[in-house]
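Structural characterization, general
What follows is each chain in one-letter form.
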Amino acid sequence: MLFDTPVYFAFLCIVVLLYWSLTHRRQNILLLAASYAFYGWWDARFLTLIAVSTTVDYYCARAIHDSDDARRRRLLLAFSITVNLTFLGVFKYFNFFADSLSAALQGLGFNDVPMVALRILLPPGISFYTFQEIAYIVDVYHGRLKPSESLLDYALFISLFPHLVAGPIQRPSHLLPQVHAPRIFRPDAFFDGIVLILSGLFRKCVVADNCALIANAAFGGQLGPPSLAVITLGTYAFAWQIYGDFSGYSDIARGSAQLLGFHFMVNFRQPYLATSLKDFWRRWHVSLSTWLRDYLYIPLGGSRDGELKTQRNLLATMLLGGLWHGANWTFVVWGALHGFALSAGRALGIDDFDAKEKVSALQVWAQRIVTFHLVCLTWVFFRAASIGEALHFLSGLKTLAWRSEFLTAFSLLAFFTIPLFLIDLFLEHRREEYPLAVALEPYRVAVAFGFLAAVTLLSANQINAFIYFQF
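Treat the numbers as computed from the prediction; the structure is a model and nothing was measured.

On to the overall build of the protein chain, then. When helices and strands are tallied, the protein chain shows 18 helices and zero strands. The long-range fraction of contacts in the protein chain, counting pairs at least 24 apart against all pairs at least 6 apart in sequence, stands at 75%. By element, 67% of the accessible surface of the protein chain is carried by carbon and sulfur atoms, the whole surface being about 21100 Å².

Given below as C-alpha cells:
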C-alpha cells in the first residue's frame, strides 16, 4: 500500500473517520488493527515477524525494569537486541552474504561449490522498526524511559502505520507518551496535516518521479554512453529524485500522523543548503542520523578517547549506516565515502564551517556548492547497481560529448527542481515546517491548493515505489 496511491488515501480516510468517533482506548485498538492490516497488505506472513519481535521486546523491557540484578538485566538486553538483529540480518542480508560468498568462491576457482538455493523476501520497513525496538530496549535499560505497561500500546508505538515502513524513526521518549495519552482533535493541526500530505505528494509525484525519468535514462544508457553531460544529468536528477522521494514520504507520514493527533519529528531540514558534510547529516534523514549518533557512535566511544579512536568510531558508524540502507556493496562504499569525507573534514577543521561567526554570503554559497557536489558524487554509488557500474559511469567525466537532447533534459530537470529549491530557500529563511505554516488562513489555503494543482497537472506518468520502502 504505497502512500501515493488511491487505495492508501481511501484507507486513511476510513481510519480517520472512525478514529475520531472513538474513546482513547478504542482509538488505540483501531490503530493497531489498521496498522497490522496496512503492513499485511504486502504479505500477511510478515505480521508474524513484527509481532514476535514486539512481544519479545515488551516483556524483556518490563523484566529489565523490574530487576535489580545487573547480570540478569544485561542478559535480557543482549537477548532482545540479538533477536532483533537476527531477524534483520537473516531477512535483509542473507541473500547479500550468500551471493558475496558465491562470487568470492568462483573468483578463487571453486565453481562447483553447491550454494543454498534459497531467496528470502525482505519485509518492508524492517530496518526502521528494528531501530525503534532497539532504541526502546536500550532506553529502558539505561533508565531513560519507563517501559510501557500495555502490550497493545507498545505494539502500536512500533507499528503505527504512518511511520511503519519508511520512518521517520520515532524515538520512544517522543512517540510512546503520545500513544499513552488521549489525543485531542485540533482543526488547525488537522489542516496542517493535510498541507503536509499535499507537500509530500508534490515532492514525490512532481519532483521525484519526473527526476526519476531523467536519472533512469542517464544511468540506464538511454542518453548514450557516459560523458560529463550524462553524468551531470544523472547525478543531479538522482540527487533531487531521492530527496523529493524521501522527504515527500516523510511529509506524507507526518501529515497522516497529524490527522490522527500525533506529532512526528521533522526528518529533513533543507539538506542541499548544507555548508559541510557534517551539516548535511544534521539535515538529511535526521531521525536516522541522530539514531546512529546516540545508539552507535556514542556507545562506541564517540569523541571521548582521542582523535584516532574518534575517527575510527566515525568511520564505523558511517559504514554501518551505509550497510543499513541496503544489502549491496555499493551502499557500503557510499557509507565509507561519507565516513572518510567526514573524517577529513574533522581533521582539516572545516566540518563546522556553518558555525563560524563572520562568514560572507559568497563563502556560504561556495561551501554549499562544494558540499552539494560531494554529496552528488557519493549518490552515484548509491544509485548504481554495482561498484563496477558506478565506476564505469564516472569514467565518462573526461568525455565532453554533447547531444541536442541534453538541452531538453537539462531544461526539464531545472523546471522540476527549481521550485523545490526555492521552497527550501524559503523554509531556511523562515524556519518553518512547510511554506507559510504560520501565515494567515487564506495564504495557507492557497499553498494547499497550489500543491494540489501541481500534483494534478505535473505528476509523472508512471508509478515509482518510494525508494526507502526497500530499506
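Next up on the list: the packing of aromatic side chains. For any two aromatic rings, the description comes down to two numbers: the centre-to-centre distance and the angle of the planes. Per the stated rule, a full pass over the model turns up 51 aromatic pairs. Ring plane angle 70° and centroid distance 5.0 Å describe the contact between Trp334 and Phe382, whose orientation is recorded as edge-to-face. Separated by 48 residues along the polypeptide, Trp334 in helix α14 (residues 329-348) and Phe382 in helix α15 (residues 361-383) bring together distant segments of the chain. A relative accessible area of 5% means that Phe382 is categorised as buried. The side chain of Arg368 reaches across the aromatic face of Trp365, ending 4.7 Å from its centre.

Below, the discussion takes up the side chain of Asn84. Inspection of the secondary structure puts Asn84 in helix α4 (residues 70-107). Assessed through its relative accessible area of 1%, Asn84 is described here as buried. From its side chain, Asn84 meets the backbone oxygen of Ser80 in a polar contact 3.0 Å long. Once residues within four sequence positions are removed from consideration, Asn84 is found in contact with Ser53, Asp57, Thr130, Glu133 and Ile134.

Let us now look at the environment of Ile369. Its place among the elements puts Ile369 in helix α15. For Ile369, a relative accessible area of 46% gives the class partly exposed. The spacing of Ile369 and Ala274 is 95 residues in sequence and 8.9 Å in space, taken between C-alpha atoms.

Now for a nonpolar patch on the surface. On the surface, a nonpolar cluster with roughly 290 Å² of combined accessible area is contributed by Val7, Trp41 and Trp42. Note on placement: Trp42 falls in the loop between α2 (24-40) and α3 (46-66). Taking the relative accessible area as the measure of exposure, Trp42 reaches 30% and is therefore partly exposed.

Before going further, it helps to examine α2. Here α2 spans 24 Å end to end across 17 residues, near enough to the 24 Å set by a 1.5 Å rise per residue. All of the buried residues along α2 are His24, Gln27, Asn28, Leu30, Leu31, Leu32, Ala34, Ser35, Tyr36, Phe38, Tyr39 and Gly40. On its buried side, α2 packs onto α1 (6-19), α3, α5 (126-141), α6 (151-159), α7 (161-164) and α8 (172-180).

Another point: unusual backbone geometry. Positive phi, normally seen in glycine, also occurs at Gln270, with a value near 50°. One can find Gln270 in the loop between α10 (228-259) and α11 (277-283). On the accessibility criterion, Gln270 (8% relative accessible area) is buried. Within the chain, His285 stands out as a residue other than glycine whose phi angle is a positive 45°. Note on placement: His285 falls in the loop between α11 and α12 (286-300).

What follows deals with the pattern of salt bridges. According to the stated counting rule, one finds 20 salt bridges in the structure shown. Asp251 is paired through a salt bridge with Arg254; the nearest N and O atoms lie 3.2 Å apart. With Asp251 and Arg254 both in helix α10, this residue pair falls three residues apart, about one helical turn. Like Asp251, the residue Arg254 is buried in the burial classification. In this structure, the salt-bridge partner of Asp294 is Arg293, at a minimum N-O distance of 2.7 Å. Through salt bridges with shared partners, a single network forms among Arg203, Asp251, Arg254, Asp424 and Glu433.

Moving on: the side chain of His338. Here His338 lies in helix α14. With near-sequence residues (within four places) excluded, His338 lies in contact with Leu277, Phe280, Trp281, Met318 and Thr378.

About the criteria used
Residues numbered from 1 in each chain as written. Predicted model: local features only at pLDDT ≥ 70, side-chain atom pairs only at ≥ 80, totals over all residues. Heavy atoms only, no water. Helix = DSSP H or I, 4+ residues; strand = E, 2+ residues; numbered from the N terminus. Contact = heavy atoms within 4.5 Å. Areas by Shrake-Rupley, 256 points an atom, 1.4 Å probe, with all protein chains shown as cover. Phe/Tyr/Trp six-rings, centres within 6.5 Å; stacked < 30°, edge-to-face > 60°. Buried < 20%, exposed > 50% of the residue type's maximum accessible area, 1.4 Å probe, protein only. Lys NZ or Arg CZ within 6 Å of the ring centre and 35° of its normal. Polar contact = N/O pair within 3.5 Å; in protein donor to acceptor, adjacent residues only side chain to side chain. Patch = residues over 30% accessible without salt bridge, like charges linked within 9 Å, V, L, I, M, F, W, Y side chains within 5 Å. Salt bridge = Lys/Arg side-chain N within 4 Å of Asp/Glu carboxyl O. Expected span 1.5 Å × (residues − 1).

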